[in-house]
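Overview (structure and organization)
Each chain is listed here by its residues.
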There are 2 protein chains.
Amino acid sequence: MVDRPGGQLRAAVVGTGLIGGSILLRLHESGVPVTGWDPDGATRVEGRRHGVPFPDDLGEAVRDRDVVFLCGPLPTLPETLLTVTKYAPDGCVVTDVGSTKGSVSAFAVEHGLTDRFVPGHPMAGTERSGLTAAVPALFEGAAWVLCPAAEGLPAFRLLVDLVLDVFAARVVPMTPSGHDSVVALSSHVPHLLAGGLAGAVAGSAVRDAVLGLAAGSFRDGTRVAGTPAKRTADMLFNNREQVVRQLDQVTAVLGELAEALRGDDMDALVGHYRRAGEVRAALLDRDLHPHHRDFPVDGDRAAELAYLLELGAAGGYLTRCRVDAGSVSYTGHRPDGPAAS
Amino acid sequence: MVDRPGGQLRAAVVGTGLIGGSILLRLHESGVPVTGWDPDGATRVEGRRHGVPFPDDLGEAVRDRDVVFLCGPLPTLPETLLTVTKYAPDGCVVTDVGSTKGSVSAFAVEHGLTDRFVPGHPMAGTERSGLTAAVPALFEGAAWVLCPAAEGLPAFRLLVDLVLDVFAARVVPMTPSGHDSVVALSSHVPHLLAGGLAGAVAGSAVRDAVLGLAAGSFRDGTRVAGTPAKRTADMLFNNREQVVRQLDQVTAVLGELAEALRGDDMDALVGHYRRAGEVRAALLDRDLHPHHRDFPVDGDRAAELAYLLELGAAGGYLTRCRVDAGSVSYTGHRPDGPAAS
């Protein structure tokens, strides 16, 4: 268990919908002292049923905490970050779980909060919502992005240890802009494609027959179109430059596929699906290799930061982070073995 | 069990890959006398291990059969249809499982085979292939399209009874062109979108990081890109006019979504995802109502045909078809109750 100097670490979760609720329940099950807060009174009542303190006042919920997870909707994050850092103790580490990282991290830079705010994004979810849909095991084996900054490395290290220990996730270190570029392709464009497919069916003369024949490919291809509409729209809006850019890449490939069909070019079509199949195979059978790296706790932060960010960009992740006797020790996993030092 | 006059019905499966193999094993498990044939010798040997006769000669496999399932690759179907109808007895009913129906049914019309050939398409599969990947329960609860023609209604009725009895599928009656238009949107365009997404990642500078962060939406959105490339390409080519037309509908919606993002139109984006979510909800919670319809076996075939095709176009299906004492009795299910007679 992650400790703080002088005792066990105390956590708070602010905003206890699907993601926040899952974080809260997992912390609680793991024996971490945790408080919750949600703007919805009925949700606070529901939270107390789990035996978790849910004060009506946000300041009350965070005032003696060591770490706070901000889990409200994306547009609320900047204001909530200011409120929480006002009421929480000075040394309290704050992170969030928003699906884009550029705007909230820019806000933290503007307000001089980068030493204590670590932008985060656990890559898990379901199309359901609310505390009643929460699943404590939701993050097991999932990628959980945390964005380290040089001045915030101590806060980053504490969070990595906590996330690995309590949630059994894989921590992926990334810059906020790197994250937003990657999730545009790995998550946001898939949401657009699902919306495009479901939207075309909604307006189609053969809608009813399509629903009657829908098999696996249609069910898979429309699943995230069932996500609450406002949540999807917030996510896409918050990352719209990257999303539109990556959508252009996908529609360009779709144009090539249509061209191969119109032009009777079977070889081009088969060749394309071979390459697409290789990406799918690489996704299902990623061959990662473990390595260990140590850095002095108070040494050259640039070297530690470079190691972390290169690991995330290579598709790797951390499974251990321990601070001990003046050094920080990481265990990482990379698709192609340890990076050249 | 479906009988023929004078004894139990005897079946053959020609082409025993994933789909044909699953049909063969399910018929065999159900006690239907069945033979198999595949152009690949090793597959025939594998088939015999299941205790099913697999003659080396195709003519031998079908020469005393009452029903034959053609399950080879799409481009081989017309030639195999001619060979099978040459060696099988005159009254033998033939169906296929190809993923498009227009070209094979046109071929059957040209060759005067519509009284005995019933185009079919069971809407189930996995991204695996071959007899070793066969799953006898693959079709339970799945939609299985069968295309009735007026002169082939007796053959159609026999197949409906067999498919319901042995495979526990839902039989959806459709015209070949209606089927091809609907599956373009329900299956073929989803394969294109998966190919477009996986293809964009294959060519992306952030490919490795995307694989590292891929969560549910990306896994779902690329699953069918793992289907064997030639199989996907054959399917798309065989239906390319409808596929390109329906892809245009989807890319038009994607263009609207991108426009809403670029134009800062949050209301349009939320409104779109509400409509998309309704399609998804309708898919998951289809409220169908049963009804019964009888027709004289030798009466006005146009009325029976009209009933069947209207049922499929409405998103409905059959769960019973029995011929008894001069009348044929159907149980059907429709999303909106029984059709006006």
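Residues numbered from 1 in each chain as written. Chains lettered and ligands numbered in written order. Predicted model: local features only at pLDDT ≥ 70, side-chain atom pairs only at ≥ 80, totals over all residues. Heavy atoms only, no water.

Let us now look at the overall build of chain A. Secondary structure assignment for chain A yields 13 helices and 13 strands. Here the C-alpha radius of gyration of chain A, 22 Å, is about what a compact globule of 341 residues would show, namely 20 Å. With respect to the three principal axes, the spread of C-alpha positions in chain A is 70 × 55 × 35 Å. Burial analysis of chain A (341 residues in total) assigns 58% to the buried set. Excluding contacts between residues fewer than 6 apart, the proportion of contacts in chain A whose partners are at least 24 apart in sequence is 69%. A total of about 12,900 Å² of accessible surface is found on chain A, and carbon and sulfur atoms cover 50% of it. Taken as two groups, the 31 positive and 41 negative side-chain charges of chain A have centres that lie 4 Å from each other. (Helix = DSSP H or I, 4+ residues; strand = E, 2+ residues; numbered from the N terminus. Rg over C-alpha atoms; globule rule 2.2 N^0.38 Å. Buried < 20%, exposed > 50% of the residue type's maximum accessible area, 1.4 Å probe, protein only. Contact = heavy atoms within 4.5 Å. Areas by Shrake-Rupley, 256 points an atom, 1.4 Å probe, with all protein chains shown as cover. Lys, Arg positive; Asp, Glu negative; His and termini not counted. Charge placed at Lys NZ, Arg CZ, Asp CG, Glu CD.)

Time to look at the domain arrangement of chain A. Residues and elements named next belong to chain A. Under the domain assignment, chain A is made up of domain 1 (10-174 + 291-335) and domain 2 (179-284). Here the C-alpha centre of domain 2 lies 30 Å away from the C-alpha centre of domain 1. On the domain 1 side of the contact with domain 2, Thr100, Glu127 and Met174 bury the most area, a combined 41% of that side's loss. There are zero salt bridges connecting domain 1 and domain 2. Between the two partners, domain 1 and domain 2, sit five residue pairs in polar contact (both at pLDDT 80 or more). For the side of domain 1 that touches domain 2, the class distribution of residues is six nonpolar, seven polar and three charged. (Domains from an automatic or database assignment. Buried area = accessible area lost by both parts, 1.4 Å probe. Salt bridge = Lys/Arg side-chain N within 4 Å of Asp/Glu carboxyl O. Polar contact = N/O pair within 3.5 Å; in protein donor to acceptor, adjacent residues only side chain to side chain. Nonpolar A, V, L, I, M, F, W, Y, C, P; charged D, E, K, R; others polar.)

Once that is clear, we can look at the side chain of A:Arg170. With respect to the secondary-structure elements, A:Arg170 resides in strand S10 (residues 170-173). Of the side chains bearing the opposite charge, A:Glu140 lies closest to the buried A:Arg170, which forms no salt bridge; the N-O distance is 12 Å. A polar contact of 2.9 Å, which involves the side chain of A:Arg170, links it to the backbone oxygen of A:Gly141. When residues no more than four places from it in sequence are discounted, the contact partners of A:Arg170 are A:Gly141, A:Ala142, A:Ala143, A:Trp144, A:Arg286, A:Tyr317, A:Leu318 and B:Gly212.

Here the focus is the pairing of strand S6 (residues 93-96) of chain A. Residue and element names in this part refer to chain A. Across the two faces of S6 the burial is the same, with Val93 and Thr95 and Val94 and Asp96 all buried. As paired elements, strand S5 (residues 67-70) and S6 share four bridges and run parallel to each other. Considered in S6, the bridge of Val68 is made with Val94. Taken together, the two bridges between S6 and strand S7 (residues 117-118) define a ladder with parallel strand orientation. Looking across to S7, one finds that Val94 is bridged to Phe117. Handedness of the crossover joining S6 and S7 through helix H5 (residues 102-110): right-handed. (Pairing = 2+ DSSP bridges. Right-handed = clockwise from strand over helix to strand, strands pointing away.)

Under the defined criterion, the tally for this structure stands at 32 salt bridges over all chains. In this structure, A:Arg157 and A:Glu304 form a salt bridge, with 2.8 Å as the shortest nitrogen-oxygen distance. In this pair, A:Arg157 is assigned in helix H6 (residues 153-167) and A:Glu304 in helix H13 (residues 301-313), connecting sequence segments 147 residues apart. We classify A:Arg157 as buried; its relative accessible area is 4%. Of the charged contacts, one joins A:Asp248 and B:Arg262 as a salt bridge, the two residues approaching to 3.9 Å between their closest N and O atoms. Placement of A:Asp248 in helix H11 (residues 240-262) and of B:Arg262 in helix H11 (residues 240-262) is noted, with the two residues assigned to different chains. Its relative accessible area of 39% is what places A:Asp248 among the partly exposed residues. Using a relative accessible area of 48% as the deciding quantity, one classes B:Arg262 as partly exposed. Each of A:Arg44, A:Arg48 and A:Asp56 takes part in one network of salt bridges that share partners.

Vacant regions in the atomic arrangement are exposed by a probe of water-molecule size rolled over the atoms. If you walk through the whole model with that rule in mind, you get two cavities of 30 Å³ or more. Roughly 130 Å³ of internal volume is contained in the largest cavity. When contributions to the lining of the largest cavity are tallied by element, the ones reaching two or more residues are helix H7 (176-202) and helix H9 (216-222) of chain A together with helix H7 (176-202) and helix H9 (216-222) of chain B. Looking at the lining of the largest cavity residue by residue, the classes come out as ten nonpolar, four polar and two charged. (1 Å grid on protein atoms, 1.4 Å probe; cavity = no way out; pocket = protein on both sides within 12 Å on 5 of 7 lines; lining within 4 Å. Points joined across faces, edges and corners; volume = space filled by probe spheres on them.)

At the interface, 90 residues of chain A touch 91 residues of chain B. Here chain A and chain B share an interface that buries about 7,600 Å² over both sides, 73% of which is from carbon and sulfur atoms. When the buried surface of chain A facing chain B is broken down by residue, A:Leu213, A:Leu261 and A:Tyr273 rank first, second and third, together holding 11% of it. Summed over the shared surface of chain A and chain B, the result is six salt bridges. A salt bridge links B:Arg240 to A:Asp264; the shortest N-O distance between them is 3.3 Å. In this structure, the connection of chain A to chain B is made through 14 residue pairs in polar contact (both at pLDDT 80 or more). Per-element accounting of the side of chain A that touches chain B gives the leading share, 20 residues, to H7(A). Considering only residue class, the side of chain A that touches chain B consists of 52 nonpolar, 22 polar and 16 charged.

So, on to the nonpolar core. Ranked by internal contacts, the top residues of the largest apolar core, which has 101 residues, are A:Leu213, A:Leu269, B:Leu192, B:Leu213 and B:Leu269. Apart from residues lying up to four places away in sequence, A:Leu213 is in contact with B:Met123, B:Ala143, B:Val145, B:Val172, B:Met174, B:His179, B:Val182, B:Val183 and B:Ser186. (Core = buried A, V, L, I, M, F, W, Y, C linked by side-chain atoms within 4.5 Å.)

Residues and elements named next belong to chain A. A sheet is described by the order of its strands in space; here five strands give the open sequence S4-S3-S5-S6-S7, paired in parallel fashion. The sheet terminates laterally at strand S4 (34-37) and S7, the two strands that pair on one side only. The strands that H6 touches are S5, S6 and S7; relative to S5, the one it contacts most, it runs at about 75 degrees. (Axes fitted to C-alpha atoms, helices over the stretch in contact; angles between N-to-C directions.)

Before going further, it helps to spend a moment on the relation of the copies chain A and chain B. Turning chain A through 180 degrees and shifting it by 0.0 Å along the axis lays it on chain B, with an RMSD of 0.0 Å. As the rotation angle and translation indicate, the two copies are arranged about a two-fold axis. A high fraction, 100%, of the interface residues of chain A reappear at the interface in chain B, so the copies pair face to face through one surface. (Least-squares fit on C-alpha atoms with pLDDT ≥ 70 in both.)

Another aspect to go through is the confidence of the model for chain A. Residues of chain A with pLDDT of at least 70 account for 96%, and the chain-wide mean is 93. Both confidence scores are given for the complex: pTM 0.84, ipTM 0.89. (pLDDT = per-residue confidence, 0-100.)

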